[in-house]
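Here's the letter readout for the chains.
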Amino acid sequence: MARAIERIERDIAALKEAIRAIAVELQTAYASYLNTLGLAVRKQLILASYHLCTQGYPENFLHLSLNQRQQLQQAIRKLGQLASEELLTYIKSEGIGGDEGDEGDEGDEGVTPVILDTSTSEPIIADTSNPIELAKWQQNLEEVTQEILKKLSHDANLLLQKAGILPKKLPEPILAAAAAAASEASGEVMPGPPNLLNLVIEIENEQQSEDSGLTQIMAINLRLGEIEFADVTLSSERRQIRSILLQLNKLGREYQKKHRERAIAEAEAAWRASWFE
């Protein structure tokens, strides 16, 4: 029985090494993906803003002076740049084992994924030999990415509203609720111009409205699915991440199976050790 437990322990140790290798591969893939995503987000934000200003609200944009237009464009570019930088701050590498990782190249064998929890701003360090923790880290990273896109859309809409492009009377809670509803299908490509939200709302005291105050609103709503669809490199890197996750899921199932086998073997050994006639 002791030999059986030792064999299971060796199998678990081998699985942990394989999972650590997958963790490094996954983090490398995400680092490249987020870098590409940052560039794509900046591009799509500019394209969405262009469409909104020239086709959604051309009259409002024409009312701006040349200086005001340039300031608006610069502010939009700055928002995109900040979001691009923020995406990369949520993923970084740290060696495992403290000072031991500084000896030779041994420190490269273990890399701990670290991200910041958006609710607490505290770093979350995943055990890269544990597939469950690694999966949680990956899910958290995806949620952080969605939050950054949501915040960028919100900030861009506020900027456009202050510049006089979007209606001043547009209720922010309505816009936020509509964006939240649209984000539920963020992985899908919606009809119409990409990364824009079209909705019809009722605004009180709207002088130009002739249909009981109904007004059509267009606003920026950056969606991950549409950003990936428009970028070949980003789509390819997303497919690579999915492929790595499939490998992780396979190893995870084997990892849980071996832990179950070990628990059974140890329980059987404990029963025999305590049994007497």
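Use the structure listed above.
Residues numbered from 1 in each chain as written. Predicted model: local features only at pLDDT ≥ 70, side-chain atom pairs only at ≥ 80, totals over all residues. Heavy atoms only, no water.

Chemist: Which parts of the structure should I look at to understand unusual backbone geometry?
Modeler: Trans is the common state for peptide bonds, and a negative phi is the common state for residues other than glycine. In this model, Asn-195 sits at a positive phi of 60°, which is unusual for a non-glycine residue. Mapped onto the elements of the fold, Asn-195 is located in the loop between α5 (172-183) and β4 (196-202). With relative accessibility at 0%, the residue Asn-195 sits in the buried group. (Helix = DSSP H or I, 4+ residues; strand = E, 2+ residues; numbered from the N terminus. Buried < 20%, exposed > 50% of the residue type's maximum accessible area, 1.4 Å probe, protein only.)

Chemist: When you look at the environment of Tyr-50 in this model, what are you seeing that I'm missing?
Modeler: Mapped onto the fold, Tyr-50 is located in helix α1 (residues 2-56). In this structure, the C-alpha to C-alpha distance between Tyr-50 and Gln-73, residues 23 residues apart in sequence, is 9.2 Å.

Chemist: Mind showing me how you'd approach the pattern of salt bridges here?
Modeler: When the charged atoms of two side chains lie near each other, side chains of opposite charge can form a pair. One pass over the structure, following the stated rule, counts nine salt bridges. As a salt-bridge pair, Glu-9 and Arg-262 come within 3.1 Å of each other at their nearest N and O atoms. Within this pair, whereas Glu-9 is found in helix α1, its partner Arg-262 is found in helix α7 (residues 232-274), the two being separated by 253 residues in sequence. In this structure, Arg-238 and Glu-228 form a salt bridge, with 2.9 Å as the shortest nitrogen-oxygen distance. (Salt bridge = Lys/Arg side-chain N within 4 Å of Asp/Glu carboxyl O.)

Chemist: Help me understand helix α3 (residues 66-89), please; the structure alone is not making it clear to me.
Modeler: What sets the pattern is the α-helix's 3.6 residues per turn: residues three or four places apart point alike. The end-to-end C-alpha separation of α3 is 35 Å, in line with the 34 Å expected for 24 residues at 1.5 Å each. Every buried residue of α3 is accounted for by Leu-72, Ile-76, Leu-79, Gly-80, Ala-83, Ser-84 and Leu-87. (Expected span 1.5 Å × (residues − 1).)

Chemist: Explain the nonpolar core to me, please; I cannot follow it from the model alone.
Modeler: Note on soluble globular proteins: their nonpolar side chains tend to be buried together. Of all hydrophobic cores here, the largest spans 56 residues; its most connected members are Leu-37, Leu-52, Leu-160, Ile-165 and Ile-220. Elements that contribute at least two residues to this core include exactly α1, α3, α4 (131-162), β4, β5 (214-220), α6 (224-229) and α7. Excluding its chain neighbours within four sequence positions, the residues that come into contact with Leu-160 are Leu-52, Cys-53, Leu-72, Ile-76, Ile-165, Leu-166 and Ile-220. (Core = buried A, V, L, I, M, F, W, Y, C linked by side-chain atoms within 4.5 Å. Contact = heavy atoms within 4.5 Å.)

Chemist: Looking at this structure, how should I read the packing of aromatic side chains?
Modeler: Working definition: an aromatic ring pair is given by the centre-to-centre distance plus the angle between the planes. Enumeration according to the criterion identifies three aromatic pairs in this entry. Relative to Tyr-33, the ring of Tyr-30 has its centre 6.1 Å away and its plane inclined at 90°; by these criteria the two rings are edge-to-face. Taken together, the residues span about one helical turn, with Tyr-30 and Tyr-33 both in helix α1 at a distance of three residues. When its relative accessible area of 1% is taken as the criterion, Tyr-30 is described as buried. Residue Tyr-33 is classed as buried on the basis of its relative accessible area, which comes to 1%. (Phe/Tyr/Trp six-rings, centres within 6.5 Å; stacked < 30°, edge-to-face > 60°.)

Chemist: In this structure, what is going on with the packing of α3 against α4? I would like to understand it.
Modeler: For the pair α3 and α4, interaxial distance at closest approach is 10 Å and the crossing angle is 165°. Taken as axis vectors, α3 and α4 run roughly antiparallel relative to one another. Note that α3 runs across α4; the crossing there is right-handed. Taking contact as the criterion, the partners of Leu-72, Ala-75, Ile-76, Leu-79, Gly-80, Ala-83, Glu-86 and Leu-87 in α3 are, on α4, Thr-145, Ile-148, Leu-152, Asp-155, Ala-156, Leu-159 and Leu-160. (Axes fitted to C-alpha atoms, helices over the stretch in contact; angles between N-to-C directions. Parallel < 35°, antiparallel > 145°, perpendicular 65-115°, else oblique. Left-handed = near helix turned anticlockwise from the far one by under 90°.)

Chemist: Sorry, what's going on with α7 here?
Modeler: Its 43 residues give α7 an end-to-end C-alpha distance of 63 Å, which sits within 8% of 63 Å, the value for a rise of 1.5 Å per residue. For α7, the side-chain oxygen to backbone nitrogen distance between the N-cap and Thr-233 is 3.0 Å, and the N-cap itself is Asp-231. (Polar contact = N/O pair within 3.5 Å; in protein donor to acceptor, adjacent residues only side chain to side chain.)

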